[in-house]
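One-letter residues, chain by chain:
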Amino acid sequence: MNNQFAMDNNVMKQLQIIRSLQRRSEATVQSLYAQAILEYSLYHDKKKRLLEEIDQALEANDREQFLRYSKQYKQLVDDHRKGKTVVENGFELHLTFET
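Residues numbered from 1 in each chain as written. Predicted model: local features only at pLDDT ≥ 70, side-chain atom pairs only at ≥ 80, totals over all residues. Heavy atoms only, no water.

## Digging into the environment of glutamate 39
Here is step 1: Along the chain, the position of glutamate 39 falls in helix 2 (residues 26-59).
Here is step 2: Overall, the relative accessible area of 17% leaves glutamate 39 in the buried class.
Here is step 3: Leaving out residues up to four positions away in the same chain, glutamate 39 has contacts with Lys84, Val86, Leu95 and Phe97.
Here is step 4: At 3.1 Å, the side chain of glutamate 39 forms a polar contact with the side chain of lysine 84. (Helix = DSSP H or I, 4+ residues; strand = E, 2+ residues; numbered from the N terminus. Buried < 20%, exposed > 50% of the residue type's maximum accessible area, 1.4 Å probe, protein only. Contact = heavy atoms within 4.5 Å. Polar contact = N/O pair within 3.5 Å; in protein donor to acceptor, adjacent residues only side chain to side chain.)

And the structure:
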């Protein structure tokens, strides 16, 4: 993704489908959208922070910190590799993450 806070096209299509359903409510769509933005923001912020910590550990030649932050980074990427599903009022929205 060019913009780290932009959602991928599949997520946008899912939101459009939910909007088009007759039994949907505007509050449900807004809640799903808000949850998606929050999930993407948290993921990208944590990923950026861990990469900065890894760089600092490399610059300081601190093997222990490098291994610690690298392990956390790998876990973050692994946890998001298959995406994440957010749910609101019986509607599901599957989010995909750039790993």
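Back to the write-up after that little detour.
## Digging into the packing of aromatic side chains
Here is step 1: Scanning the entire structure with this criterion turns up two aromatic pairs.
Here is step 2: Residues tyrosine 40 and phenylalanine 97 carry aromatic rings whose centres are separated by 5.0 Å and whose planes lie at 50 degrees to one another, so their mutual orientation is tilted. Of this pair, tyrosine 40 sits in helix 2 while phenylalanine 97 sits in the segment after strand 2 (91-95), placing them 57 residues apart in sequence. Pair check on accessibility: tyrosine 40 and phenylalanine 97 agree, each one buried. (Phe/Tyr/Trp six-rings, centres within 6.5 Å; stacked < 30°, edge-to-face > 60°.)

## Some words on the packing of helix 2 against helix 3 (residues 63-80)
The description of two helices packed together rests on the angle between their axes and the distance between the axes.
Here is step 1: Where helix 2 meets helix 3, the closest approach of the two axes is 9 Å, and the angle between their N-to-C directions is 155 degrees. In terms of orientation, helix 2 and helix 3 fall into the roughly antiparallel class. Seen along the crossing, helix 2 lies across helix 3 with a hand that is left-handed. Residues Tyr43, Lys46, Lys47, Leu50, Leu51, Glu53, Ile54, Ala57 and Leu58 of helix 2 pack against Gln65, Phe66, Tyr69, Ser70, Gln72, Tyr73, Leu76, Val77 and His80 of helix 3.
Here is step 2: By residue class, the composition of the contact of helix 2 with helix 3 is eleven nonpolar, four polar and three charged. (Axes fitted to C-alpha atoms, helices over the stretch in contact; angles between N-to-C directions. Parallel < 35°, antiparallel > 145°, perpendicular 65-115°, else oblique. Left-handed = near helix turned anticlockwise from the far one by under 90°. Nonpolar A, V, L, I, M, F, W, Y, C, P; charged D, E, K, R; others polar.)

## Re the pairing of strand 2
Here is step 1: Where burial is concerned, the two faces of strand 2 differ: the one with Phe91, Leu93 and Leu95 is buried and the one with Glu92 and His94 is not.
Here is step 2: The pairing of strand 1 (residues 84-88) with strand 2 spans five bridges and is antiparallel. Counterpart to valine 87 in the pairing with strand 2 is glutamate 92.
Here is step 3: As consecutive antiparallel partners, strand 1 and strand 2 are separated by two residues, and within that stretch asparagine 89 has a phi angle of approximately 50 degrees, a positive value. (Pairing = 2+ DSSP bridges.)

## A look at unusual backbone geometry
Here is step 1: Although it is not a glycine, asparagine 61 sits at a positive phi angle of roughly 55 degrees.
Here is step 2: Counting through the fold element by element, asparagine 61 comes out in the loop between helix 2 and helix 3.
Here is step 3: Given a relative accessible area of 71%, asparagine 61 falls into the exposed group.

## A word on a negative patch on the surface
Here is step 1: Together, Asp45, Glu52, Asp55 and Glu59 make up a region of like negative charge exposed at the surface.
Here is step 2: By the element assignment, aspartate 55 lies in helix 2. (Patch = residues over 30% accessible without salt bridge, like charges linked within 9 Å, V, L, I, M, F, W, Y side chains within 5 Å. Areas by Shrake-Rupley, 256 points an atom, 1.4 Å probe, with all protein chains shown as cover. Salt bridge = Lys/Arg side-chain N within 4 Å of Asp/Glu carboxyl O. Lys, Arg positive; Asp, Glu negative; His and termini not counted. Charge placed at Lys NZ, Arg CZ, Asp CG, Glu CD.)

## Details of the environment of lysine 13
Here is step 1: Relative to the helices and strands, lysine 13 is located in helix 1 (residues 9-20).
Here is step 2: Note: C-alpha distance between lysine 13 and leucine 93 (80 residues apart in sequence) is 10.0 Å.

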